[in-house]
Amino acid sequence: MRAAERLKQAAAGCKGYWVTLLCGGAFLGFFLLVRQNRAAMNFLVLHITTPWKRAVSAAVCMLPFSGMELCIAALVILGVGLLVRCGVKLKAKGPGIIGRTLLFFCCAGLLIYDGFCLFWGANYYADSFSDRSGLAAAPVSVESLYETTRYYAVLANLYCGQVKRDEAGRFDESLDDIFAGAETAYDNITERWAFLESPWRRPKRVFFSKIMSMTNFTGVFFPFLGESNLNVDSPASLIPSTIAHELAHQKNVAAEQEANFVAVAASVSADNPVYRYSGALLAYIHLGNALYQADRELWAEVYGGLDPLVRGDLDENNAYWAAYEGKAAEAAEAIYTGFLQSYGQTMGMKSYGACVDLLVNDYIGGYEGYEGDGRL
């Protein structure tokens, strides 16, 4: 009788968990059914999740540290505490406590995923940057790729001497100045694309940035708080354009390839030379990699024309990330590729390279912002 009574009590104690799993599963199923409805996703993003994220991020913005890291730390402490509690009470409560603990973790995981679908997953099915701007990532010719790569190489050469450098010629701008410049990074680009206008939210430095480097992440947008988080251990020359990338996510540019393009467009049009240089450098990296695959002779010609200072920054970036190559980075890439593909980003991690098409088509299309600024 005592065993039966304990089993009955355990089942009663798990009722809330089963209800939560049922409701969470129902929401996820509903989202999967309606996510292809563009009108529904646009309404959800524009009228529900964006106002919420902007309201929450206004409060989180005032914190001197990353709200995302605080949330992750709280979840880790809670999870460890529950596991310890489960082990301590196992003898007194019996195996039932193991089931309740597992159910709790299942409920927490499902609710977190539901929240992610609501606050960010929907953005992948709403109007994209290309939809709103009219700029398409259409296929490009090798000649056009070559001309665009040369253009951004010229910009990198032009701006590389306008940033602070140490005695050895290494990029030496302070993080304080870089983050201070983020507030005006989008001032000029919003004149072209007014839909990128949004309230200013301060990007945050991640304290455990080395962990991000181990998984090959330079930045993370945390949709639950509408907060941009930056890896500040990575080479500083690309941190300004990475900030612009994460700010693009704050402006509802969800697709990674589009966020990279927007980051370049915002950075090179900014008044701050540090952002202009970083944007040109980011563009050259993407374009140069594509040109290298398409025609190595043309790539060698452009690369040979780079200022030694630019080459030094590229070498520093390559050396930094080469030091973090390994199973952790490979596993993180595989997981993130699966994540992107689950939201219709069928190119996976290769979707980052698609920003090349946007860069080339924007340049070859003759956007007037390029005129008089070193256009080849």
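Residues numbered from 1 in each chain as written. Predicted model: local features only at pLDDT ≥ 70, side-chain atom pairs only at ≥ 80, totals over all residues. Heavy atoms only, no water.

1. Here's the deal with the overall build of the protein chain
Secondary structure summary: the protein chain contains 16 helices and three strands in total. Put simply, the protein chain has 376 residues, and 45% of those count as buried. Counting only contacts in the protein chain whose residues sit at least 6 apart along the sequence, the fraction spanning at least 24 positions is 75%. Total accessible area on the protein chain is roughly 18700 Å²; 62% of this is exposed by carbon and sulfur atoms. (Helix = DSSP H or I, 4+ residues; strand = E, 2+ residues; numbered from the N terminus. Buried < 20%, exposed > 50% of the residue type's maximum accessible area, 1.4 Å probe, protein only. Contact = heavy atoms within 4.5 Å. Areas by Shrake-Rupley, 256 points an atom, 1.4 Å probe, with all protein chains shown as cover.)

2. What to know about a nonpolar patch on the surface
Taken together, the side chains of Ile 72, Val 76, Val 80, Val 84 and Val 88 present a nonpolar region at the surface, about 450 Å² in accessible area. Turning to its location among the elements, Val 84 is positioned in helix 4 (residues 67–93). (Patch = residues over 30% accessible without salt bridge, like charges linked within 9 Å, V, L, I, M, F, W, Y side chains within 5 Å. Salt bridge = Lys/Arg side-chain N within 4 Å of Asp/Glu carboxyl O.)

3. What to know about unusual backbone geometry
For Asn 216, which is not glycine, the phi dihedral falls at a positive 65°. The residue Asn 216 is located in the loop between helix 9 (209–214) and strand 2 (219–222) in this model. With a phi close to 70°, Asn 252 is a non-glycine residue in the positive phi region. Along the chain, the position of Asn 252 falls in the loop between helix 10 (239–250) and helix 11 (256–269). For Asn 252, a relative accessible area of 10% gives the class buried.

4. Quick look at the pairing of strand 3 (residues 227–230)
Residues Glu 227 and Asn 229 of strand 3 are buried on one face, and the alternating residues Ser 228 and Leu 230, pointing to the opposite face, are buried as well. As paired elements, strand 1 (residues 204–205) and strand 3 share two bridges and run parallel to each other. Paired with Lys 204 across the two strands is Asn 229, which belongs to strand 3. Examined bridge by bridge, strand 2 and strand 3 share four bridges and lie antiparallel to one another. Paired with Phe 222 across the two strands is Glu 227, which belongs to strand 3. (Pairing = 2+ DSSP bridges.)

5. Examining the sheet that holds strand 2
With respect to topology, three strands assemble into an open sheet ordered 1-3-2, the strand pairing being mixed. Looking at the sheet topology across the chains shown, the edges are occupied by strand 1 and strand 2. Its contacts with the sheet put helix 10 on strand 2 and strand 3, and the angle it makes with strand 3 is roughly 160°. (Axes fitted to C-alpha atoms, helices over the stretch in contact; angles between N-to-C directions.)

6. Examining the nonpolar core
The biggest cluster of nonpolar side chains holds 59 residues, and the ones touching the most others in it are Tyr 152, Tyr 186, Ile 243, Phe 261 and Tyr 277. If you list the elements that add at least two residues to this core, you get helix 7 (142–160), helix 8 (175–180), helix 10, helix 11, helix 12 (273–294), helix 14 (308–322) and helix 16 (355–364). With eleven residues, the single largest contributor to this core is helix 12. Not counting residues within four places of it along the chain, the set of residues in contact with Tyr 277 comprises Ala 156, Tyr 159, Cys 160, Val 163, Arg 165, Phe 171, Leu 309, Val 310 and Asp 313. Leu 28, Trp 120, Ala 126 and Phe 221 belong to the second largest nonpolar core, which has 15 residues in total. (Core = buried A, V, L, I, M, F, W, Y, C linked by side-chain atoms within 4.5 Å.)

7. Brief notes about the confidence of the model for the protein chain
Per-residue pLDDT for the protein chain averages 88, and the proportion of residues at 70 or more is 85%. Below a pLDDT of 50 lies the segment residues 347–352, which in the model reaches 16 contacts outside its immediate sequence neighbourhood of four places, other chains included. With pLDDT under 50 throughout, residues 371–376 is counted as low confidence; its partners more than four residues away or in other chains account for 15 contacts. (pLDDT = per-residue confidence, 0-100.)

8. Some points on the packing of helix 12 against helix 16
For the pair helix 12 and helix 16, the least separation of the axes is 9 Å and the interaxial angle reads 100°. What the angle tells us is that helix 12 and helix 16 run roughly perpendicular. Residues Ala 283, His 286, Leu 287 and Ala 290 of helix 12 touch helix 16, and the partners they reach there are Cys 355, Val 356, Leu 359 and Val 360. (Parallel < 35°, antiparallel > 145°, perpendicular 65-115°, else oblique.)

9. As for the pattern of salt bridges
What the rule picks out here adds up to nine salt bridges. Put simply, Glu 227 and Lys 204 hold a salt bridge, and the shortest N to O gap is 3.0 Å. Here Lys 204 lies in strand 1 and Glu 227 lies in strand 3, a separation of 23 residues in the sequence. Salt bridges sharing common partners tie together Arg 38, Asp 127 and Asp 131.

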